[in-house]
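Fold and contact review
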Amino acid sequence: MSNIALLIAGGSGNRMHQDIPKQFLTVNEKPVIVYTLEAFEKHPEIDAIAAVCIEGWEQILWAYANQFNISKLQYIVRGGKTGQDSIRNGVYELEKHFDKNDIVLIHDAIRPMVSAEIISDNIHVALEYGNAITAIPCAEAMMQTQDGIISTGSYPRERLRRTQTPQAFHIGDICELHRKALENGIINSVASCTLKIEMGQQIHFSAGSEKNIKLTTVEDIDIFKALLAAKRSDWLK
């Protein structure tokens, strides 16, 4: 059985207010997506990598893979109009090349701090239960609101989980889920885990980390740089 990482790099990164898509921004002389690629390249349980890429950047991604010795990258697929479209394009491509029982780990290209432990647990939970959604507990007080201005109620945080990626599935299962979603008119679900829930299916959690951040704002880049600096200082000890 094979484990394939599918990086979703189809977004334009409007919230960064940059001309360059956020997954291709350079941090410490290396593009963000390369950090993410390296995490899966180095993991012994990952057999292959595919990427869903924003249109016009495919050749640049191939060039980065060659420059930074990402030998596991085998397929680059064009992104869609929505996240759901992009993921569907990716898993449909993998279906052509891999067995339906192989595991695909769908991961945001802009989560470059994903650890080996997170990847391993995601794979192992998926093998045991059929799917695995990386998640962490909710530490903050959660308030309910209708208008985003005032609140008159709260929600118990122990009943909540903050989802991250990777999110792992058998290739045959996730492809079938996307086909049925289209038949049911679901076309813009925000993540694979929400698509499963919207289709009335159960998900299982694997272990995430507060460090497994998603780079969506300029402030997130600052946090990423700090995490990289802390990681380097650990290596030097």
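These lines cover the structure that appears in this document, whether it is placed above or below.

About the cut-offs
Starting afresh in each chain, residues are numbered from 1 along the sequence in its written order. Since the coordinates come from a predicted model, pLDDT governs what is reported: local features require at least 70, and pairs of side-chain atoms require 80 or more to be given and counted, while whole-chain, interface and lining totals use all residues. Remark: hydrogens and water are excluded; side-chain values derive from all non-hydrogen atoms of the structure. For the purposes of this entry, the term helix denotes a DSSP run of H or I that reaches at least four residues, the term strand denotes a run of E that reaches at least two, and both are numbered from the N terminus. Each residue gets one of three labels from its accessible area relative to the maximum for its type: buried under 20%, exposed over 50%, partly exposed in between, using a 1.4 Å probe on protein chains only. When DSSP locates at least two bridges between a pair of strands, those strands are taken to pair. For helices, the fitted line uses only the C-alpha atoms of the stretch in contact; every axis is such a line through C-alpha atoms, and the angle between N-to-C directions lies from 0 to 180 degrees. Multiply 1.5 Å by the residue count of a helix minus one, and that product is the helix's expected span. Take the buried Ala, Val, Leu, Ile, Met, Phe, Trp, Tyr and Cys residues and link them wherever side-chain atoms come within 4.5 Å; each set so joined is a nonpolar core. Two residues qualify as a contact provided that any one of their heavy atoms is within 4.5 Å of a heavy atom in the partner residue. Salt bridges, as used here, are contacts in which a Lys or Arg side-chain nitrogen is within 4 Å of a carboxyl oxygen on Asp or Glu. Two cysteine sulfur atoms make up a disulfide if the distance between them is within 2.5 Å.

This part covers the environment of K231. Structurally, K231 is set in helix α7 (residues 218-236). According to the relative accessible area criterion, K231 is partly exposed, its value standing at 38%. When the C-alpha atoms of K231 and I8 are compared, they prove to be 25 Å apart, with 223 residues separating the residues in sequence.

Structurally, P44 can be placed in the loop between α1 (32-41) and β4 (48-53). Since its relative accessible area comes to 74%, P44 is described here as exposed. Sequence-wise, P44 and M142 are 98 residues apart; in three dimensions their C-alpha atoms are separated by 38 Å.

Moving on, we get to the pairing of β4. Within β4, 6 of the 6 residues are buried, which leaves it mostly tucked inside the rest of the structure. A two-sided burial pattern is seen for β4, the buried positions comprising A48, A50 and V52 on one face and I49, A51 and C53 on the other. Two strands pair when backbone bridges link them, and strand β1 (residues 3-9) and β4 are joined in this way by 6 bridges, in the parallel orientation. Looking at the pairing, A5 lines up with I49 of β4.

With respect to the secondary-structure elements, K196 resides in helix α6 (residues 192-198). Given a relative accessible area of 9%, K196 falls into the buried group. Between the C-alpha atoms of K196 and A181, which are 15 residues apart in sequence, the distance is 9.1 Å.

Now for the sheet that holds β4. Each strand in a sheet pairs with its neighbour through backbone hydrogen bonds, running either in the same direction (parallel) or in the opposite one (antiparallel). Strand order in the open sheet formed by 7 strands is β5-β4-β1-β6-β10-β7-β11, with mixed pairing between adjacent strands. Among the strands making up the open sheet, the edge pair consists of β5 (73-78) and β11 (205-207). Sheet twist, expressed as the mean angle between neighbouring strand axes with direction ignored, is 30°.

Our focus in this paragraph is helix α4 (residues 116-129). In an α-helix, one turn spans 3.6 residues; hence positions three or four apart end up facing the same way. Spanning 14 residues, α4 covers 20 Å between terminal C-alpha atoms, matching the ideal 20 Å at 1.5 Å per step. Every buried residue of α4 is accounted for by I118, I119, S120, N122, I123, V125 and A126. Immediately downstream of α4, the backbone of G130 shows phi near 100°, a positive value.

A few words on the nonpolar core. Counting 32 residues, the largest nonpolar core has F40, I49, L61 and L73 as its most contacted members. Elements with a minimum of two residues in this core: β1, α1, β4, α2 (58-67), β5, β6 (103-108) and α4. Those residues in contact with L61, other than ones at most four positions away along the chain, are F24, I33, L37, A51, C53, L73 and I76. In terms of nonpolar packing, the next biggest core, distinct from the first, is built from 26 residues, V77, I87, I186 and C193 among them.

Turning next to the pattern of salt bridges. Oppositely charged side chains are able to pair whenever their charged atoms sit close together. The full count for this structure, using the stated rule, is 10 salt bridges. With a closest N to O distance of 3.5 Å, R78 and E55 form a salt bridge. Taken together, the residues span a long stretch of sequence, with R78 in strand β5 and E55 in the loop between β4 and α2 at a distance of 23 residues. Two residues, E176 and R179, come together in a salt bridge whose shortest N-O distance is 4.0 Å. Of this pair, E176 and R179 are both found in helix α5 (residues 171-183), 3 residues apart, which corresponds to roughly one turn of the helix. One continuous salt-bridge network, built from bridges that share partners, spans E55, E58 and R78.

Here we take up the state of the cysteines. Following the criterion strictly, the structure yields 0 disulfides and no others. This cysteine, C53, is not joined by any disulfide, and C175 carries the nearest cysteine sulfur, 20 Å off. This cysteine, C193, is not joined by any disulfide, and C138 carries the nearest cysteine sulfur, 15 Å off. Given the relative accessible area of 5%, C193 is considered buried.

What follows concerns α5. Counted at 1.5 Å a residue, the expected span for α5 with its 13 residues is 18 Å, and the 19 Å between its end C-alpha atoms agrees. Buried within α5 we find I171, G172, I174, C175, L177, H178 and A181. Buried-residue contacts for α5 involve β1, α3 (83-97), β6, β10 (161-170) and α6. Following α5 by one or two positions, G185 adopts a phi angle in the positive range, close to 80°.

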